[in-house]
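Here is what each chain is made of, one letter per residue.
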Amino acid sequence: MFGILCHSLFNGHQSFKFVSSNNLTTLTSNYLPIIKKKKKTMSSFDDDDVQYDRAKEIKKFDDTKLGVKGLLDSGVMKVPRFLIHLEETLQNPSSSSSLCLNVPVIDLKGYDDDNDDGIIRRSNIVSEIKEASSKWGFFQMVNHGVPISVMDELLNVIREFHEQPSEVKKEWYSRDHKVKVRFYCNGDLFVSKAANWRDTIAFDFQDGPLKPQDYPLICRNVVSKYMEHVSKLRENLSELLSEALGLRRDYLSSIECMKSETMVCHYYPPCPEPELTIGTSKHSDPSSLTILLQDFIGGLQVLHQDQWVDITPIHGALVANIGDFMQLITNDKFKSVEHRVLARRIGPRASAACHIYPSATHRNKQYGPIEAFTSNQSPSKYKKTSSNEYLGYYRSKGLDGNKALPYFRV
Ligand SMILES: O=C(O)CCC(=O)C(=O)O
């Protein structure tokens, strides 16, 4: 039997949360005013540290193949210990933005118009992208060419995939990076100190489009349709970013650093104790660029001037963020900035992050800072590396709160 919870959120959107009836009490309590409770910290665990076997707890959890959504469905009312983060980590840095800072919103309308107005429009857009990529590392895009209906459909099928019966979902569970489509909970579960309140289905398009039978039936058409549009946007952004760097329009395309994609579709169930855990730990992306679609729940924050700034959802907008690889090849001209997602009592939250990488056929091709950005006065800040090596290092350390890029500094 299924029950339904419905709650209104801003922008007049409504979110319907389907929960099995035995979990209704658990989830309903999440919607009650927050009851003041004694805050648990890692130090309050000290007494029972001797008995606690983290590796065993994680293994048991991973063996369920049901992720954090499975925990919630089983009726947990408290966040299990392996998902609890140190208070210092959650509050690092200690300040959330008190100023009215907003990630730049760039309107791409008319960027490719073939007339005098179009040329002026493009040059303004290029300047805005340059400013945002060097100061924020993030910007939101509207009028980017991906139909809003396709974006909404994608968010719906992400929720639908994760809300399928356990037996169906389990079939897709894998920790093997070579599997093209896989469902998992926390890629770094066995590496990180504390896990994230998030499940994921990932699609690897690095060797080209997937065959229809590679996809779960529930999302086959929508994911491939969304990717067709995003690939076009990727090509356009490759040109706009080249120009924003003062290079010829086809430069980034000619060095094949924005050639292939992977997409991770996240599902953040409502969390019973969001103050103890996090949706996604602070990290920067290993990619050249990420194009992110988020729903209306909120919780995504970017670290700007040592303050966490909310990236407020805008219906129809896509978020772009510079990845580590782009910062490396631009010798720090463009910034790959840390971001995180808070766990929330409301939800579920769905998002799709499309990570853009160098060409898969050149996984071992060496990239270093582009010559135009190095000189005697401004030497190379990074060693040469390949996307394979970079990702290998990135994965081996997990989302531990530290950036991977400094490891490649000269
Ligand atoms: O879910 C989000 O909004 C962000 C996800 C993210 O940062 C990532 O996949 O790298």
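Located above this text is the structure these notes cover.
Throughout what follows, the structure given in this document is the object of discussion. As the structure is a prediction and not an experimental result, all values here were calculated from the model.

Quick word on the overall build of the protein chain
Then step 1. In terms of regular secondary structure, the protein chain is built from 11 helices and 14 strands.
Then step 2. The long-range share in the protein chain, meaning contacts at least 24 apart out of those at least 6 apart in sequence, stands at 77%.

A closer look at the sheet that holds strand β9 (residues 289-294)
Then step 1. Here eight strands make up an open sheet; going across it, the order is β3-β4-β12-β9-β14-β7-β6-β5 and the pairing mixed. Where the open sheet ends on each side, the last strands, each with one partner, are β3 (105-107) and β5 (181-184). Across this sheet, the average inter-strand angle for adjacent strands is 25 degrees, counted without regard to direction.
Then step 2. The pairing of strand β6 (residues 199-204) with strand β7 (residues 260-268) spans six bridges and is antiparallel. If you follow Ile-201 over to β7, its bridge partner there is Cys-265.
Then step 3. Running at roughly 160 degrees to β3, helix α5 (residues 116-135) makes contact with β3, β4 (138-142) and β12 (318-322) of the sheet.

Some details on the packing of helix α6 (residues 148-162) against helix α8 (residues 220-244)
Then step 1. Contact pair α6 / α8: the axes reach a minimum separation of 9 Å and the direction vectors enclose 140 degrees. When the axis of α6 is compared with that of α8, the two are oblique. Here α6 and α8 pass one another in a crossing that is left-handed. Every residue of α8 that contacts α6 at Val-150, Glu-153, Leu-154 and Val-157 is listed here: Val-222, Val-223, Lys-225, Tyr-226 and His-229.

So, the sheet that holds strand β8 (residues 280-283)
Then step 1. Reading across the sheet, the four strands line up as β8-β13-β10-β11 and stay open at both edges, with antiparallel pairing between neighbours. Two strands close off the open sheet at either side, each with one partner strand: β8 and β11 (307-310). Going from strand to strand, the sheet's axes swing by 25 degrees on average, the running direction of each strand aside.

A look at helix α2 (residues 54-64)
Then step 1. Little of α2 sits inside the fold, with one of its 11 residues counted as buried.
Then step 2. Lys-65 occupies a position one or two residues after α2 and carries a positive phi of about 55 degrees.

Points about the nonpolar core
Then step 1. One finds Ile-129, Phe-138, Phe-139, Leu-154, Ile-158 and Leu-318 to be the most contacted residues of the largest nonpolar core, which totals 96 residues.
Then step 2. Broken down by element, the residue count for this core peaks at nine residues, all from α8.
Then step 3. Shared between two domains, this core takes at least three residues from each, and those domains are domain 1 (3-90) and domain 2 (98-408).
Then step 4. Leave out the neighbours within four places in its chain, and Ile-158 touches Cys-265, Tyr-267, Ala-350 and Ala-352.

What counts and what doesn't
- What you see as residue numbers is a count from 1 along each chain, following the sequence as written.
- Since the coordinates come from a predicted model, pLDDT governs what is reported: local features require at least 70, and pairs of side-chain atoms require 80 or more to be given and counted, while whole-chain, interface and lining totals use all residues.
- What counts as a helix is a DSSP run of H or I of at least four residues, what counts as a strand is a run of E of at least two, and both are numbered from the N terminus.
- By definition, residue pairs are in contact when their C-beta atoms, positioned from the backbone, come within 7 Å.
- Pairs of strands are assigned from DSSP output, requiring at least two bridges between the strands.
- The axes used here are C-alpha line fits, helices contributing only the stretch in contact, and every angle between their N-to-C directions lies in the interval 0 to 180 degrees.
- Orientation categories follow fixed angle ranges, with anything under 35 degrees roughly parallel, anything over 145 roughly antiparallel, 65 to 115 roughly perpendicular, and all other angles oblique.
- In a left-handed crossing the near helix is turned counterclockwise from the far helix by less than a right angle, and in a right-handed crossing that turn is clockwise.
- The exposure label follows from counting other C-beta atoms within 10 Å of a residue's C-beta, where the C-beta atoms are placed from the backbone and the thresholds are 20 or more for buried and 12 or fewer for exposed, leaving partly exposed in between.
- Note on definitions: a nonpolar core is a set of buried residues drawn from Ala, Val, Leu, Ile, Met, Phe, Trp, Tyr and Cys, linked by C-beta atoms within 7 Å.
- What fixes the domain bounds is an automatic or database domain assignment.

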